[in-house]
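Chain and residue survey
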Amino acid sequence: VQLQASGGGLVQAGDSLRLSCAASGRTFSSSTMGWFRQAPGKEREFVAAISWSGGSSNYADSVKGRFTISRDNAKNTVYLQMNSLKPEDTAVYYCARSRRMYYLDYDDLRSYDYWGQGTLVTVSS
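For the structure given in this document, a descriptive report is provided here. (Residues numbered from 1 in each chain as written. Predicted model: local features only at pLDDT ≥ 70, side-chain atom pairs only at ≥ 80, totals over all residues. Heavy atoms only, no water.)

1. With respect to the overall build of the protein chain
Within the protein chain, the regular secondary structure consists of zero helices and 11 strands. Along the protein chain, helices (α) and strands (β) appear in the sequence β-β-β-β-β-β-β-β-β-β-β when read from the amino end. Over its C-alpha trace the protein chain gives a radius of gyration of 13 Å, about what one expects of a compact globule, namely 14 Å for 125 residues. With respect to the principal axes defined by its C-alpha atoms, the protein chain has extents near 40 × 25 × 25 Å. Out of the 125 residues in the protein chain, the part that is buried amounts to 42%. A separation of at least 24 residues holds for 57% of the contacts in the protein chain among residues at least 6 apart in sequence. Surface accessibility of the protein chain: about 6600 Å² in total, with carbon and sulfur atoms responsible for 46%. Across the protein chain, 14 positive and 11 negative side-chain charges occur, with their mean positions spaced 6 Å apart. (Helix = DSSP H or I, 4+ residues; strand = E, 2+ residues; numbered from the N terminus. Rg over C-alpha atoms; globule rule 2.2 N^0.38 Å. Buried < 20%, exposed > 50% of the residue type's maximum accessible area, 1.4 Å probe, protein only. Contact = heavy atoms within 4.5 Å. Areas by Shrake-Rupley, 256 points an atom, 1.4 Å probe, with all protein chains shown as cover. Lys, Arg positive; Asp, Glu negative; His and termini not counted. Charge placed at Lys NZ, Arg CZ, Asp CG, Glu CD.)

2. Points about the sheet that holds strand S8 (residues 77–82)
Read from one edge to the other, the open sheet built from four strands follows the order S1-S3-S8-S7, with strand pairing classed as antiparallel. Lying at the two open borders of the sheet, with one neighbouring strand each, are strand S1 (2–6) and strand S7 (67–72). If you compare each strand with its neighbour and ignore which way they point, the axes differ by 15° on average. The pairing of S1 with strand S3 (residues 17–24) spans five bridges and is classified as antiparallel. Its bridge partner being in S3, Leu 3 is matched across the sheet by Ala 23. (Pairing = 2+ DSSP bridges. Axes fitted to C-alpha atoms, helices over the stretch in contact; angles between N-to-C directions.)

3. A look at the environment of Ala 23
Here Ala 23 is to be found in strand S3. In the structure, Ala 23 is positioned 88 residues away from Ser 111 in sequence and 17 Å away in space, judged by C-alpha atoms. In this structure, Ala 23 is in contact with Gln 2, Leu 3, Phe 28 and Asn 76, ignoring residues within four places of it in sequence.

Now the structure itself:
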């Protein structure tokens with residue numbers, strides 16, 4: 001499985017961005033997918049996750065109500081729509097595929113076995 005994240009950039013506070021993560025491999029449509037982020041000098045943290053069908057999704061408290069995760073299994077792509085961006089959202093954003101058979105422990109980095117290369121989001125005040 002290979003994951004390719006894109007869509008990052010430099011925006012102002014209050015703006016929106018949509019990140020995309022294109023996956024190769026047959027297991028994408030049966031896998032939980034997640035987005036994580038890592039700000040300079042900080043640990044990588046959970047942002048959002050979505051079940052294989054798209055029927056379940058969860059968010060970190062810090063992005064709830066502003067970010068939306070979605071997926072298109074026909075295109076092997078997962079998205080992260082980010083609205084009302086804040087300077088504290090500045091980070092490298094990573095998509096990842098969960099190794100878990102079920103939609104469990106989706107906020108735990110250890111649940112994920114394949115990671116994209118990351119895309120930088122910078123939000124200026």
